[in-house]
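# An overview of the molecular structure
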Amino acid sequence: MKIMIAYDGSRNARLALAQTITMFRDLKPQLTLVAVAENPRDITSGNEDLFQQEVTELKDYLNEAMEVCQNEDVAAETMLLEGDPRKMLLYAAETKIHPDMLVIARHSHEPDGGFIARSLTYFVDELDYMTFGSVSSFLARRIQCPLLILPSR
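Okay, so let's go over this structure. Values in this document were obtained by computation on a predicted structure and should not be read as measured data.

## Digging into the pattern of salt bridges
Under the defined criterion, the tally for this structure stands at 2 salt bridges. Residue R25 pairs with E72 through a salt bridge whose shortest N-O separation is 2.7 Å. Taken together, the positions of R25 in the loop between α1 (11-24) and β2 (30-37) and E72 in the loop between α2 (45-71) and β3 (75-82) put the pair 47 residues apart, joining distant regions of the chain. Looking at R25, the relative accessible area reads 32%, which means it is partly exposed. Judged by relative accessible area, E72 falls into the partly exposed class, the value being 34%. A salt bridge links D84 to R86; the nearest nitrogen and oxygen atoms lie 2.8 Å apart.

## A word on the environment of Q144
The residue Q144 is located in the loop between α5 (135-142) and β5 (147-150) in this model. For Q144, a relative accessible area of 70% translates into the label exposed. A distance of 3.1 Å separates a polar side-chain atom of Q144 from the backbone oxygen of R142.

## Observations regarding the side chain of T32
Looking at the secondary structure, you find T32 in strand β2. When residues no more than four places from it in sequence are discounted, the contact partners of T32 are I3, M4, I5, E77 and I97.

## Describing the packing of aromatic side chains
How two aromatic rings sit relative to each other is given by the distance of their centres and the angle of their planes. Applying the stated criterion across every chain, the model contains 0 aromatic pairs. Sitting over the face of the ring of F138, R86 holds its NZ or CZ atom 5.2 Å from the ring centroid.

## As for the environment of R11
You can see R11 is positioned in helix α1. The spacing of R11 and A105 is 94 residues in sequence and 9.5 Å in space, taken between C-alpha atoms.

## Comments concerning a negative patch on the surface
Judged by side-chain charge, E57, D60, E64 and E67 come together as a negatively charged surface patch. On the secondary structure map, D60 appears in helix α2.

## Side note on the pairing of β2
The buried fraction of β2 is high, at 7 of 8 residues. As paired strands, strand β1 (residues 2-6) and β2 are joined by 5 bridges and run parallel to one another. When the sheet's bridge partners are listed, I5 is paired in β2 with L33. The β-α-β motif built from β1, the intervening α1 and the parallel element β2 has right-handed crossover chirality. Pairing of β2 with β3, which is carried by 8 bridges, proceeds in the parallel orientation. Bridging from a neighbouring strand, T32 pairs with E77 of β3.

## With respect to the nonpolar core
I5, Y7, L17, L31, L33, C69 and V103 are the most contacted members of the largest nonpolar core, which has 25 residues in total. Among the secondary structure elements, those contributing two or more residues to this core are β1, α1, β2, α2 and β4 (101-105). Top element by residues in this core is α2. It accounts for 7 residues. Core analysis: the second largest hydrophobic core is formed by 17 residues, V36, A92, I104 and C145 among them.

Conventions used here
- Residues numbered from 1 in each chain as written.
- Predicted model: local features only at pLDDT ≥ 70, side-chain atom pairs only at ≥ 80, totals over all residues.
- Heavy atoms only, no water.
- Salt bridge = Lys/Arg side-chain N within 4 Å of Asp/Glu carboxyl O.
- Helix = DSSP H or I, 4+ residues; strand = E, 2+ residues; numbered from the N terminus.
- Buried < 20%, exposed > 50% of the residue type's maximum accessible area, 1.4 Å probe, protein only.
- Polar contact = N/O pair within 3.5 Å; in protein donor to acceptor, adjacent residues only side chain to side chain.
- Contact = heavy atoms within 4.5 Å.
- Phe/Tyr/Trp six-rings, centres within 6.5 Å; stacked < 30°, edge-to-face > 60°.
- Lys NZ or Arg CZ within 6 Å of the ring centre and 35° of its normal.
- Patch = residues over 30% accessible without salt bridge, like charges linked within 9 Å, V, L, I, M, F, W, Y side chains within 5 Å.
- Areas by Shrake-Rupley, 256 points an atom, 1.4 Å probe, with all protein chains shown as cover.
- Lys, Arg positive; Asp, Glu negative; His and termini not counted.
- Charge placed at Lys NZ, Arg CZ, Asp CG, Glu CD.
- Pairing = 2+ DSSP bridges.
- Right-handed = clockwise from strand over helix to strand, strands pointing away.
- Core = buried A, V, L, I, M, F, W, Y, C linked by side-chain atoms within 4.5 Å.

Everything listed is a geometric property; what it means functionally is a separate question.
Next up, the structure:
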């Protein structure tokens with residue numbers, strides 16, 4: 001069974017990896033962990049530095065995830081893409097990997113900070129959802145394979 005996991009190194013992504021291994025271990029899954037680095041909208045040296053930092057962090061996260069898979073004796077590979085995460089995950093699933101299932105973790109919407117920080121984050125999240133949609137809702141409307149969305153904890 002080929003399972004693609006959207007992986008960004010976050011706490012929820014690590015939990016999704018662990019849950020996927022637990023749920024599907026008996027099926028001897030072949031996991032593909034896919035991370036996406038977002039391209040900066042304008043090319044400045046500051047943005048390029050931030051982008052390169054993100055790429056480096058994602059590579060480190062993918063290496064850590066591979067260690068988990070090796071320790072659990074689960075076959076896995078990684079893929080690092082650049083662009084809009086929603087579109088690149090769809091692209092990877094439909095043209096590169098052709099998984100039997102795509103697994104993604106919902107992001108937690110519980111910000112750190114006080115009332116103002118929570119209110120501002122809620123407003124930005126709602127605006128983003130109305131304008132662009134979340135990654136999970138975007139993929140749920142378009143992906144051609146089963147989609148498992150694991151809740152945040």
